[in-house]
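Chain residues, written in single-letter form:
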Amino acid sequence: MNYNKDFRYDLAIELLCKKVEVKLDFKCLETGNIFVEYYSRGKKSGLSTTEAEYWCYWLSDYHCILIKTDKLKEMCRKYLNTDRDRNGGDMNTSKGILLPIK
(Lines give C-alpha, C1' and ligand atoms only; values in the text may rest on other atoms or scores of the structure.)
Protein backbone atom coordinates (compact mmCIF):
# COMPACT_ATOMS: atom_id res chain seq x y z
CA MET A 1 0.00 0.00 0.00
CA ASN A 2 1.33 3.44 -0.89
CA TYR A 3 1.02 6.39 1.50
CA ASN A 4 -1.37 9.18 0.51
CA LYS A 5 -2.41 11.93 2.92
CA ASP A 6 -5.83 12.33 1.24
CA PHE A 7 -8.44 10.36 3.24
CA ARG A 8 -10.37 9.62 0.03
CA TYR A 9 -7.61 7.22 -0.90
CA ASP A 10 -7.44 5.32 2.41
CA LEU A 11 -7.44 1.62 1.84
CA ALA A 12 -10.93 0.15 1.94
CA ILE A 13 -11.39 -3.59 1.89
CA GLU A 14 -14.19 -6.08 2.30
CA LEU A 15 -13.73 -8.70 5.00
CA LEU A 16 -16.37 -11.39 5.26
CA CYS A 17 -18.66 -9.09 3.24
CA LYS A 18 -18.19 -6.27 5.76
CA LYS A 19 -16.72 -2.83 5.06
CA VAL A 20 -13.46 -2.19 6.91
CA GLU A 21 -11.74 1.19 7.23
CA VAL A 22 -7.98 0.75 7.46
CA LYS A 23 -5.62 3.19 9.22
CA LEU A 24 -1.89 3.23 9.92
CA ASP A 25 -0.60 4.55 13.24
CA PHE A 26 2.96 3.33 13.72
CA LYS A 27 3.64 6.00 16.39
CA CYS A 28 1.16 4.30 18.70
CA LEU A 29 3.72 1.79 19.92
CA GLU A 30 5.80 4.73 21.19
CA THR A 31 2.89 6.79 22.57
CA GLY A 32 0.59 4.01 23.76
CA ASN A 33 -2.37 5.63 21.94
CA ILE A 34 -4.06 5.57 18.55
CA PHE A 35 -5.40 8.83 17.13
CA VAL A 36 -9.08 8.39 16.18
CA GLU A 37 -10.12 11.31 13.99
CA TYR A 38 -13.70 12.58 14.11
CA TYR A 39 -13.46 16.15 12.71
CA SER A 40 -11.24 17.76 10.09
CA ARG A 41 -10.99 21.08 8.27
CA GLY A 42 -14.26 22.40 9.64
CA LYS A 43 -16.47 19.35 9.17
CA LYS A 44 -17.20 15.90 10.56
CA SER A 45 -14.87 13.19 9.29
CA GLY A 46 -13.31 9.88 10.22
CA LEU A 47 -15.23 8.04 12.91
CA SER A 48 -18.12 10.55 12.70
CA THR A 49 -18.83 9.84 9.04
CA THR A 50 -17.56 6.32 8.39
CA GLU A 51 -19.77 3.79 6.68
CA ALA A 52 -17.50 0.92 7.70
CA GLU A 53 -18.68 -1.77 10.09
CA TYR A 54 -15.13 -2.38 11.33
CA TRP A 55 -11.94 -0.34 11.72
CA CYS A 56 -8.50 -1.85 11.37
CA TYR A 57 -5.50 -0.04 12.85
CA TRP A 58 -2.07 -1.21 11.69
CA LEU A 59 0.23 -0.67 14.67
CA SER A 60 3.35 -1.97 12.90
CA ASP A 61 4.25 -3.99 9.84
CA TYR A 62 3.16 -7.09 11.76
CA HIS A 63 0.43 -6.05 14.20
CA CYS A 64 -3.08 -4.73 13.77
CA ILE A 65 -6.26 -4.25 15.77
CA LEU A 66 -9.66 -5.00 14.23
CA ILE A 67 -12.62 -3.50 16.08
CA LYS A 68 -16.31 -3.02 15.40
CA THR A 69 -17.05 0.62 14.58
CA ASP A 70 -19.82 0.81 17.20
CA LYS A 71 -17.44 -0.42 19.90
CA LEU A 72 -14.75 2.07 18.82
CA LYS A 73 -17.27 4.93 19.01
CA GLU A 74 -18.33 3.78 22.48
CA MET A 75 -14.70 3.67 23.65
CA CYS A 76 -13.97 7.16 22.26
CA ARG A 77 -17.09 8.93 23.58
CA LYS A 78 -15.89 8.93 27.19
CA TYR A 79 -12.83 10.96 26.16
CA LEU A 80 -14.71 13.76 24.34
CA ASN A 81 -13.93 17.15 25.90
CA THR A 82 -11.12 15.73 28.04
CA ASP A 83 -7.35 16.07 27.75
CA ARG A 84 -7.45 13.10 25.31
CA ASP A 85 -9.58 15.12 22.84
CA ARG A 86 -6.81 16.71 20.76
CA ASN A 87 -5.82 18.44 17.56
CA GLY A 88 -3.74 16.29 15.27
CA GLY A 89 -3.44 14.76 11.85
CA ASP A 90 -1.95 16.52 8.84
CA MET A 91 -0.80 19.98 9.97
CA ASN A 92 -3.01 19.71 13.10
CA THR A 93 -6.15 20.39 11.03
CA SER A 94 -8.07 17.51 12.58
CA LYS A 95 -9.63 16.69 15.94
CA GLY A 96 -9.47 13.24 17.39
CA ILE A 97 -9.32 11.11 20.47
CA LEU A 98 -6.04 9.71 21.80
CA LEU A 99 -7.33 6.24 22.60
CA PRO A 100 -5.11 4.03 24.76
CA ILE A 101 -4.19 0.80 22.96
CA LYS A 102 -4.17 -1.26 26.16
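Keep in mind that this is a model prediction, so the values were computed, not measured.

Participant: How should the overall build of the protein chain be read in this particular structure?
Facilitator: When its secondary structure is counted, the protein chain shows 2 helices and 8 strands. Going from N to C terminus, the protein chain has its helices and strands arranged as β-β-α-β-β-β-β-α-β-β. A buried classification covers 34% of the 102 residues belonging to the protein chain. For the protein chain, the share of sequence-separated contacts (at least 6 apart) that also reach a separation of at least 24 residues comes to 53%. Of the roughly 7,400 Å² that the protein chain leaves accessible, carbon and sulfur atoms contribute 52%.

Participant: In this structure, what is going on with the sheet that holds strand β4 (residues 43-44)? I would like to understand it.
Facilitator: Each strand in a sheet pairs with another by means of backbone hydrogen bonds, the pair being arranged parallel or else antiparallel. As summarised here, the arrangement of the 4 strands in space is β4-β3-β8-β7, forming an open sheet in which the pairing is antiparallel. Looking at strand neighbours, the two that pair on one side only are β4 and β7 (85-88), the edges of this open sheet. With 2 bridges joining them, strand β3 (residues 33-40) and β4 adopt antiparallel strand pairing. Bridge pairing in β4 places tyrosine 39 opposite lysine 44.

Participant: Quick question: what am I supposed to make of the nonpolar core here?
Facilitator: When a protein is soluble and globular, its nonpolar side chains tend to lie buried together. Grouped together as the largest cluster of nonpolar side chains are 15 residues, with contacts concentrated most on Ile34, Val36, Trp55, Tyr57, Leu72, Cys76 and Leu99. When residues of this core are traced back to their parent elements, those giving at least two are β3, β5 (54-58), α2 (69-77) and β8 (94-100). Ranked by residues supplied to this core, first place goes to β3 with 3 residues. Once residues within four sequence positions are removed from consideration, leucine 72 is found in contact with Val36, Leu47, Trp55, Tyr57, Ile67 and Leu99.

Participant: Any chance you could explain the side chain of aspartate 85 here in plain terms?
Facilitator: Looking at the secondary structure, you find aspartate 85 in strand β7. Aspartate 85 gets classed as buried once you look at its relative accessible area, which sits at 12%. Ignoring sequence-local partners within four residues, the contact set of aspartate 85 consists of Tyr38, Tyr79, Leu80, Lys95, Gly96 and Ile97.

Participant: What exactly am I supposed to notice about the environment of threonine 93 here?
Facilitator: Looking at the secondary structure, you find threonine 93 in the loop between β7 and β8. Residue threonine 93 is classed as partly exposed on the basis of its relative accessible area, which comes to 28%. With 53 residues separating them along the chain, threonine 93 and serine 40 place their C-alpha atoms 5.8 Å apart. If sequence neighbours within four positions are ignored, threonine 93 has contacts with Tyr39, Ser40, Arg41 and Gly88.

Cut-offs used in this document
- All residue numbers refer to positions counted from 1 along the written sequence of the respective chain.
- Per-residue local features are limited, in this predicted model, to residues with pLDDT of at least 70; the limit for side-chain atom pairs, both in listing and counting, is 80 or more; totals at the level of whole chains, interfaces and linings are taken over all residues.
- With hydrogens and water set aside, each side-chain value is computed from the structure's full complement of heavy atoms.
- Strands here are runs of E lasting at least two residues and helices are runs of H or I lasting at least four, both read from the DSSP assignment and numbered beginning at the N terminus.
- Exposure classes here rest on a 1.4 Å probe applied to the protein chains alone. A residue is buried below 20% of its type maximum, exposed above 50%, and partly exposed in between.
- We call two residues in contact when some of their heavy atoms are within 4.5 Å.
- Working definition of accessibility: Shrake-Rupley area with a 1.4 Å probe, residue cover restricted to the visible protein chains.
- At least two DSSP bridges between two strands are needed for those strands to be called paired.
- Within this scheme, the nonpolar core is defined by two criteria: the residues are buried Ala, Val, Leu, Ile, Met, Phe, Trp, Tyr or Cys, and they are joined through side-chain atoms within 4.5 Å.

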